[in-house]
Amino acid sequence: TASTKAYLQETWATWKVWKWFKPQPIDQMQTYLGEELTLYFAWLGFYNWALIVPAIAGAVVFFVVIGEVVANSASEISQDGERAGNIAGWFSMLYAIAMMAWATLFLVFWKRYNARLAFQWNMLSFEQSERSRPEYRGELELGVHTGGEWVPFEKDDEALGNIHIVPTVNYPAKRTKWKIAAGFIPLLMILVVVVIAVMSVLALRLALQRSEAIGSPAIGGTIGSVIGAVLIIIFNVLYGKLALKLNQWENHRTETEFQDALIFKTFLFQFVNTFASLYYIAFAKRANDFGQLVGTKSLQDKCKTTFMDERGEYVQLIN
């Protein structure tokens, strides 16, 4: 309604900074925006408030590390040369342990908050009684969809003789499952193409870095990185359209099933496409150089060497 919209504009969708720190009007948002959009903003607000804890802890660790660096630099200048203790290392270890505990607690408390919202909005059994999508195709049959399954009615059932039953659109669930399985074939083919493209871009980057025509390794590396970033965007856009077409072809009955299948396809593809170069750096590059990986010694791409010198300082050698 107009009053709800005006209330949200005054208390929530506003540029008044002092109102950003107040709890979101979830009930009014649910009334005006609906459950789906409100749940997104509820998660966003919950996540932002939960980040306060790691932000404060991270700031403490940051200043401890800076303080130890300053103390170690001062001790080198002094005559005795005594160094400060490895306090930053202990703080970093405790911070890592705290972050693991925070991530676990975050999921637990979010599930509780999500369940509370679902109860307030009467959405606990939403998927069991969800209506079919308008795009859902099938044959008109006597029966009903309940609990995610199709329950057919017998035409000669005497109990249904005095009841007017409207035929319902139904599509065999087995056929949908077969289509989902068949949809993985183009997905795997595209993933193979993505891996080949990533390796080709890495080889091109190394070749440009060593090319005398470029003149500078930094310029060659930048060109290769830009090409890789553009390919990632192109693959994401193309596969996004393909995933949508596959989802429509699979003919999911409800909007929840449709969105779940689309999210799974998109996540699986982007998990490889977006982070393939990071997998190479983390697992392949640290063990072998790129030249050994592709079978040529002309493309050497050894990982940066990190070690501790005799004074306990971390030194990074960039080749």
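Cut-offs applied
- Residues numbered from 1 in each chain as written.
- Predicted model: local features only at pLDDT ≥ 70, side-chain atom pairs only at ≥ 80, totals over all residues.
- Heavy atoms only, no water.
- Axes fitted to C-alpha atoms, helices over the stretch in contact; angles between N-to-C directions.
- Helix = DSSP H or I, 4+ residues; strand = E, 2+ residues; numbered from the N terminus.
- Left-handed = near helix turned anticlockwise from the far one by under 90°.
- Contact = heavy atoms within 4.5 Å.
- Nonpolar A, V, L, I, M, F, W, Y, C, P; charged D, E, K, R; others polar.
- Buried < 20%, exposed > 50% of the residue type's maximum accessible area, 1.4 Å probe, protein only.
- Polar contact = N/O pair within 3.5 Å; in protein donor to acceptor, adjacent residues only side chain to side chain.
- Core = buried A, V, L, I, M, F, W, Y, C linked by side-chain atoms within 4.5 Å.
- Pairing = 2+ DSSP bridges.
- Salt bridge = Lys/Arg side-chain N within 4 Å of Asp/Glu carboxyl O.
- 1 Å grid on protein atoms, 1.4 Å probe; cavity = no way out; pocket = protein on both sides within 12 Å on 5 of 7 lines; lining within 4 Å.
- Points joined across faces, edges and corners; volume = space filled by probe spheres on them.
- Patch = residues over 30% accessible without salt bridge, like charges linked within 9 Å, V, L, I, M, F, W, Y side chains within 5 Å.
- Areas by Shrake-Rupley, 256 points an atom, 1.4 Å probe, with all protein chains shown as cover.

Participant: Describe the packing of helix α3 (residues 35-50) against helix α5 (residues 87-120), naming the residues involved and giving the relevant values.
Facilitator: Between α3 and α5, the least distance of the axes is 11 Å, while the angle of their chain directions is 145°. Judged by the twist between their axes, the crossing of α3 over α5 is right-handed. Taken together, the residues of α5 that come into contact with α3 (itself represented by L39, A42, W43, F46, Y47 and A50) are W102, F106, F109, W110, Y113, N114 and L117. Classifying every residue of the contact of α3 with α5 by side-chain character gives 12 nonpolar, 1 polar and no charged.

Participant: Lay out the side chain of K19 with the relevant residues and their values.
Facilitator: Note on placement: K19 falls in the loop between α1 (2-11) and α2 (26-33). Note on K19: relative accessible area 14%, which makes it buried. One polar contact links K19 to E10, side chain to side chain, over a distance of 2.8 Å. Not counting residues within four places of it along the chain, the set of residues in contact with K19 comprises E10, T11 and T14.

Participant: Requested: an account of the nonpolar core, with residues and values cited.
Facilitator: Counting residues in each nonpolar core, the largest one holds 14 residues, and the members touching the most others are L187, L191, V194, V198, F235, Y239 and F269. Excluding residues that lie within four positions of it along the chain, V198 makes contacts with A276 and S277. In this structure, I26, W110, Y113 and W121 belong to the second largest nonpolar core, which totals 8 residues.

Participant: So, the pairing of strand β2 (residues 143-146): which residues are in play, and what are the values?
Facilitator: Going residue by residue along β2, you find G143 and H145 tucked away on one face and V144 and T146 left uncovered on the opposite face. Taken together, the 4 bridges between β2 and strand β3 (residues 149-152) define a ladder with antiparallel strand orientation. Bridge assignment links G143 to a residue of β3, and that residue is P152. Where β2 folds back on β3, the antiparallel hairpin that results is connected by 2 residues, among which G147 adopts a positive phi of roughly 60°.

Participant: So what's going on with the pattern of salt bridges? Residues and values would help.
Facilitator: Under the criterion given, the structure shown has 5 salt bridges. In this structure, E135 engages R133 in a salt bridge whose closest nitrogen and oxygen atoms are separated by 3.5 Å. Looking at E135, the relative accessible area reads 45%, which means it is partly exposed. A salt bridge links K265 to E250; its shortest N-O distance comes to 3.0 Å. Taken together, the residues K265 in helix α8 (residues 255-273) and E250 in helix α7 (residues 217-250) connect sequence positions 15 residues apart. Neither K265 nor E250 differs from the other in exposure class; each is buried. Each of E10, K16 and K19 takes part in a single network of salt bridges with overlapping partners.

Participant: Tell me what's going on with the layout of surface pockets, and back it up with residues and numbers.
Facilitator: Its boundaries defined by the atoms lining it, the largest pocket holds a volume of some 710 Å³. Looking at the lining of the largest pocket, the elements with two or more residues in it are α3, α5 and α8. Looking at the lining of the largest pocket residue by residue, the classes come out as 10 nonpolar, 3 polar and 6 charged. Computed from the structure, the second largest pocket encloses a volume of approximately 560 Å³. For the lining of the second largest pocket, the element with the most residues is α3, which contributes 7 residues. Residue classes in the lining of the second largest pocket are distributed as 13 nonpolar, 4 polar and 2 charged.

Participant: Can you explain a nonpolar patch on the surface? Please cite residues and give values.
Facilitator: On the surface, a cluster of nonpolar side chains totalling about 1,100 Å² of accessible area is made up of W15, V17, W20, F21, W49, I52, I56, V60, I87 and F91. Broken down by secondary-structure element, the contributors of at least two residues to the nonpolar patch are α4 (52-77) and α5. For the nonpolar patch, the element with the highest residue contribution is α4, accounting for 3 residues. Tracing the sequence through the fold places F21 in the loop between α1 and α2. Here F21 falls in the exposed class, since its relative accessible area comes to 57%.

Interpretation note: all reported values are geometric properties and have no functional meaning in isolation.
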